[in-house]
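# Architecture and fold: a report
As a plain string of letters, each chain reads:
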Amino acid sequence: MKSLWENSLRLLSERLDKKEINRWLLPLIPLDDDDPSILTLAAPNKFFVKWINDYYLSTLISAIEEVSGRPLFIKIICKNIPSQIKITEPPAVSLTHKKAEPVPLPPNNLGLNDKYVFTNFVVGDSNRFAHAAAFGVSNLPGKTYNPLFIHSPAGLGKTHLINAIGNHVVSIHPDTKVSYVSCENFTNQMIKAISEKSMESFRKLYRNTDVLLIDDVQFLGDKESTQEEFFYTFNTLYDQNRQIVLASDKKPKDIPGLEDRLRSRFEWGLIADIQPPDVETKAAIISRKAHDEGIDLSEGVAYRLASTEDSNIRVLEGYLVRVAAYSSMTGQPITINLANHVLQDALYKKEVTVDDIIKTVVLRFGISLTDLKSSKKNKSIAEPRQIAMYLARKMTDEPLIRIGEKFGGKDHSTVVHAVKKIKSRMENDFHFRRDLDQLEKNIRGVD
Ligand code: ADP
Ligand code: MG
């Protein structure tokens, strides 16, 4: 694998700028994998992984495929260099060509995300109550508030908190059976169980659990048979003093289509909400995330990022990733100025322009602007050009002629041809379509 990677790097050095190679690709370390159809590359931190996935993945895939002569499954994982022997972090996986095998879940903590724990949950006025309730429940499951119902708008930490409950319970009572499931998964598993005539084992799975954590309960609304099944699961667990925790983006009474008998049960225990965080809490969360990711961030910059109008923590995490990636890419330290610059890009670019698209495509495919606007016909240049034309057509209201002009004065039939070609490839190639979706997100800055 090492020599495959070295040869791929050689090929890539013909396609990408030297600066990019040095900054983004040389730090990647190929790891040995038992499976010869997988090439695992270790990156120094999580935002690096994200950046490679967002901007270099397809370039990497095509170069590696060319060198090896066969399709390979490429995994970019996060690893603190230089100790490169054992991977202990859960891999951030990028899927190509092959679906990942489902990972068998350990029997006593079904579906829990071990990333979300109490120790990395920042407590502020906005979430103090929900945190205290969650912590209380996790110390005495089934004995304090049952059920515990946590609600808030998206991105304020519900999923984090309910996973933290599960992780805490498992850490102090390893024999306790904890199940985390989103309402959607619960529904899908139920439908599958019905069609496979395995309802018994489905019921057993959830009715034998000691702590049941159900996420995104708002999706129960209008799903009659799921509600029915869930009602019996709820009763069984409740009658045996097992703990039930629910998270939802709406209060029980505001979930449309929720049966009264369930709504009233959801209200039996404690209802705790999480409010949008104030600027101090937002800054503390950002600082905490930066610390966990090994990003050197001053308090001032954390405040700058926190003082945007967004209260969705996921959005704030996105800013942090961008700032860190930008700093790494340009070699500049993370200052307030740099944060302003990145935020300006992220915040004020409401409408996408053809230039935005061109800029992102050029970066993503590692070709030069001159080449993109040239008439060169080799695939590594013509294809990104066609993709950019297609996206320009899709994402802006510019007329064909104007789009052609932006690409070095092409005529409108060239744009029409490009749009047709990319459209038809999208219809036939799932991976290609997914890559373009991601590219669109990058352009809109909502990845
Ligand atoms: P929700 O389920 O309410 O939509 P999540 O639990 O998925 O929100 O939170 C979104 C992101 O924000 C996650 O990465 C989570 O770790 C982070 N987050 C939210 N609140 C906090 C907090 N108080 N401390 C640390 N991280 C938080
Ligand atoms: Mg959630």
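Scroll up to find the structure.
Because the structure is a prediction, the values reported are computed rather than measured.

Before going further, it helps to examine the site of ligand 1. Near ligand 1 there are 18 residues, and of these Val122, Gly155, Thr159, His160 and Glu317 occur at the shortest range. Between ligand 1 and Asn127, the relevant distance is 3.3 Å, taken from a nitrogen atom to a side-chain nitrogen or oxygen of the residue. Between ligand 1 and the protein, one listed contact pairs an oxygen atom with a backbone N or O atom of Gly157 at 3.0 Å. Considering ligand 1 on its own, with 560 Å² of exposed area, one finds that the protein chains cover 95% of that surface. When residues of the shell around ligand 1 are traced back to their parent elements, those giving at least two are α5 (158-172), α10 (279-293) and α12 (313-330). Its residues assigned to classes, the shell around ligand 1 comprises 7 nonpolar, 7 polar and 4 charged.

Another point: the packing of aromatic side chains. Counting across every chain of the model gives 14 aromatic pairs. Ring plane angle 55° and centroid distance 5.3 Å describe the contact between Phe186 and Tyr206, whose orientation is recorded as tilted. Here Phe186 is found in helix α6 (residues 183-195), whereas its partner Tyr206 is found in helix α7 (residues 199-207), with 20 residues between them in sequence. Residue class for Phe186 comes out buried when judged on its relative accessible area of 1%. Of the residues examined, Tyr206 reaches a relative accessible area of 2% and is grouped as buried. The interplanar angle of 75° and the centroid separation of 5.3 Å between the aromatic rings of Phe231 and Tyr232 together place this pair among those described as edge-to-face. Taken together, the ring pairs in this structure connect Phe149, Phe186, Phe202, Tyr206, Phe230, Phe234, Tyr238, Phe266 and Trp268 into an aromatic cluster. Here the basic side chain of Arg364 rests over the ring of Phe365, its NZ or CZ set 5.7 Å away from the ring centre. The cationic tip of Arg425 hangs over the ring face of Phe432; the distance from NZ or CZ to the ring centre is 3.9 Å.

Turning to unusual backbone geometry, a few remarks are in order. Omega for the peptide link from Asn146 to Pro147 comes to -5°, which places this bond in the cis form. Mapped onto the elements of the fold, Pro147 is located in the loop between α4 (128-139) and β5 (148-151). In the Ramachandran plot, Asp222 falls in the positive-phi region, its phi being about 70° despite a non-glycine side chain. Residue class for Asp222 comes out exposed when judged on its relative accessible area of 62%. At Asn241, a position not held by glycine, the phi torsion is positive, near 55°. Tracing the backbone through its elements, the reader meets Asn241 in the loop between α8 (224-239) and β8 (243-248). Exposure remark for Asn241: the relative accessible area of 56% places this residue in the exposed category.

Cut-offs used in this document
Residues numbered from 1 in each chain as written. Chains lettered and ligands numbered in written order. Predicted model: local features only at pLDDT ≥ 70, side-chain atom pairs only at ≥ 80, totals over all residues. Heavy atoms only, no water. Near = heavy atom within 4 Å. Polar contact = N/O pair within 3.5 Å; in protein donor to acceptor, adjacent residues only side chain to side chain. Areas by Shrake-Rupley, 256 points an atom, 1.4 Å probe, with all protein chains shown as cover. Helix = DSSP H or I, 4+ residues; strand = E, 2+ residues; numbered from the N terminus. Nonpolar A, V, L, I, M, F, W, Y, C, P; charged D, E, K, R; others polar. Phe/Tyr/Trp six-rings, centres within 6.5 Å; stacked < 30°, edge-to-face > 60°. Buried < 20%, exposed > 50% of the residue type's maximum accessible area, 1.4 Å probe, protein only. Lys NZ or Arg CZ within 6 Å of the ring centre and 35° of its normal.

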